[in-house]
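# Breakdown of the fold
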Amino acid sequence: MHSSLLSLTVIAGFVVAAPQGKESLERRSWGFNNHGNNWHGKIKNAELGPRPYYLINNMDDGPLKSKLESCSEGPFRPTDMSIGHRGAPLQFPEETSESLLAGARMGAGILECDVVFTKDKKLVCRHAQCDLHTTTNILATPLAAKCTKNFTPAANGAPASAKCCTSDITEAEFKTLCGKMDGFNPNATTVKQYIAGTPTWRTDLYSTCGTVQTLNDYIKLVDNLGLKFTPELKTPEVPMPFPSANSTYTQAAYAQQMIDAFKTAGIKPNRVFPQSFLIDDLYYWLKSDPAFGKQALFLDEPTVNPAGYAAAVANLTTYKSKGITTVAPSIPGVLSLDANNKIVPSPYAKEAKRLGLDIVVWSFERSGPLATVNATGEYYYSSVAPAITKDGDAMVALDVMIREVGVRGVFSDWVASVTYFANCFGY
């Protein structure tokens, strides 16, 4: 159900626990050059809908559940602890204006655009350069003929397949597409079947031609909301330089182009948190645009590091020495289990904190029903799977991430739950 139809009655005068001391005040707004609070004027009251209440009700009885229940009537306001991961893709087509607005309405203080380039080297919002076949309607349009690989039906035991990249089409052509819920049907024998592959625990209720966004569209939308930006420079899936070895469109040019879009729009660096999985992108920004570079997030996956988890932990010292201020590992990178199967901060999280690195984590509410975590090998809770048996356990994991690890922000596919928690505990 649409969250704006389920807004809560705000009881005037309800007292929310106020943060105490310098550290708590800093956590309220983790922009390193920002000394104000993180309540944003354009959307004054977040509308959370029923999901946070469902999760809390599903928790085991105890002090944490009681504390969260005590905050049930709000008020709830936007917070930088809540980062709209692709907007609100649990229910809305990702990287669309509708998804971004849903995230903002649920209290995201920061909204994400994953940045990729088109054939004419313009920047647009898409989670991967080559995901148009699963996140848009391109296969059902004449533009399918321009895809790297057009639709091939399932046959003789081989799954259906396609590959459509933003670099296959121009920005103008991209703007004609409709965003849809990410997914595909590997057993499809027709395009219609293939693009109707939304996971059963999501919904197509709002998948009615989502409005795709260019980077400039995203900047304008988020700026009008008075919120902050976190653009991720996606790793190219085509050889660089693009489109040929003789081109001047190098990885550095691509990285600079993303930052230049914010400079051209007059956006102050302290509102922008660039991201990349490529550490050299961060080193480039630190050198070319240090005001933006020192805001940047290094996206890390310590539990799948090719050199091993210990190497990922050891690398933190190098990142710190080279000017990196914030690491953004996945959830399994910051959570571990103790001898009693209790969720605790991981060695990676402890070392980052010891070094004085800020931590942002991804991605909460990305999973399906949590009762199946152990059986399916679900990634986002893989490091603590024995402690995750039901949906309410997500709030226990969130509590450890925010109050024990001390993360500055949580990327979430449905930020209402993070917004609820952050407001309840005064972040």
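Keep in mind the model is a prediction, meaning the values are calculated, not measured.

### Concerning the packing of aromatic side chains
When we look at a pair of aromatic rings, we describe it by the centre distance and by the angle of the planes. This model, assessed by the stated rule, comprises 17 aromatic pairs. When the ring of Tyr249 is compared with that of Tyr254, the centres are 6.2 Å apart and the planes differ by 45°; the resulting orientation is tilted. We classify Tyr249 as buried; its relative accessible area is 7%. Residue classification places Tyr254 among the buried positions, given a relative accessible area of 0%. Through a chain of ring-to-ring contacts, three or more aromatic side chains come together here, namely Phe117, Phe242, Tyr249 and Tyr254.

### Side note on the state of the cysteines
As enumerated under the stated definition, the model contains 5 disulfides in all. A sulfur-sulfur separation of 2.1 Å characterises the disulfide bridge that pairs Cys147 with Cys164. Given an S-S torsion of about 100°, the disulfide between Cys147 and Cys164 has right-handed geometry. Here Cys147 is found in the loop between α5 (132–135) and β4 (149–152), whereas its partner Cys164 is found in the loop between β5 (161–163) and α6 (171–174), with 17 residues between them in sequence. The pair formed by Cys147 and Cys164 is uniform in burial state, with each residue classed as buried. Each disulfide pairs two cysteine sulfurs, and for Cys178 the partner residue is Cys209, the sulfurs being separated by 1.9 Å. In this structure the cystine formed by Cys178 and Cys209 twists about its S-S bond by roughly -70°; its chirality is therefore left-handed.

### Concerning the confidence of the model for the chain
When pLDDT is averaged across the chain, the result is 91; 90% of the residues are at 70 or more. Counted against residues more than four places away or in other chains, residues 1–41, with its pLDDT under 50, gives 90 contacts.

### Points about the pairing of strand β2 (residues 108–117)
With 10 of its 10 residues buried, β2 lies for the most part within the structure. At this point the chain moves from strand β1 (residues 79–84), through helix α4 (residues 97–105), to the parallel β2, and the crossover so formed is right-handed. Relative to strand β3 (residues 123–125), β2 is paired through 3 bridges, and the arrangement is antiparallel. Bridge assignment links Phe117 to a residue of β3, and that residue is Leu123. The hairpin formed by β2 and β3 contains 5 residues between the paired strands, and Lys121 there has a positive phi angle of roughly 60°.

### A word on helix α10 (residues 279–288)
Taken together, the buried positions of α10 are Ile279, Asp281, Leu282, Trp285 and Leu286. In an axial view of α10, the angular spread of the buried residues amounts to 155°, which keeps them on one side of the axis. Turned more than 90 degrees away from the buried face of α10, the exposed residues are Asp280 and Lys287. Buried positions along α10 lie against β8 (228–233), α9 (251–264), β9 (275–276), α11 (290–293), β10 (297–300) and α12 (309–321).

Conventions adopted
Residues numbered from 1 in each chain as written. Predicted model: local features only at pLDDT ≥ 70, side-chain atom pairs only at ≥ 80, totals over all residues. Heavy atoms only, no water. Phe/Tyr/Trp six-rings, centres within 6.5 Å; stacked < 30°, edge-to-face > 60°. Buried < 20%, exposed > 50% of the residue type's maximum accessible area, 1.4 Å probe, protein only. Disulfide = S-S within 2.5 Å. Helix = DSSP H or I, 4+ residues; strand = E, 2+ residues; numbered from the N terminus. pLDDT = per-residue confidence, 0-100. Contact = heavy atoms within 4.5 Å. Right-handed = clockwise from strand over helix to strand, strands pointing away. Pairing = 2+ DSSP bridges. Arc of directions from axis to C-beta.

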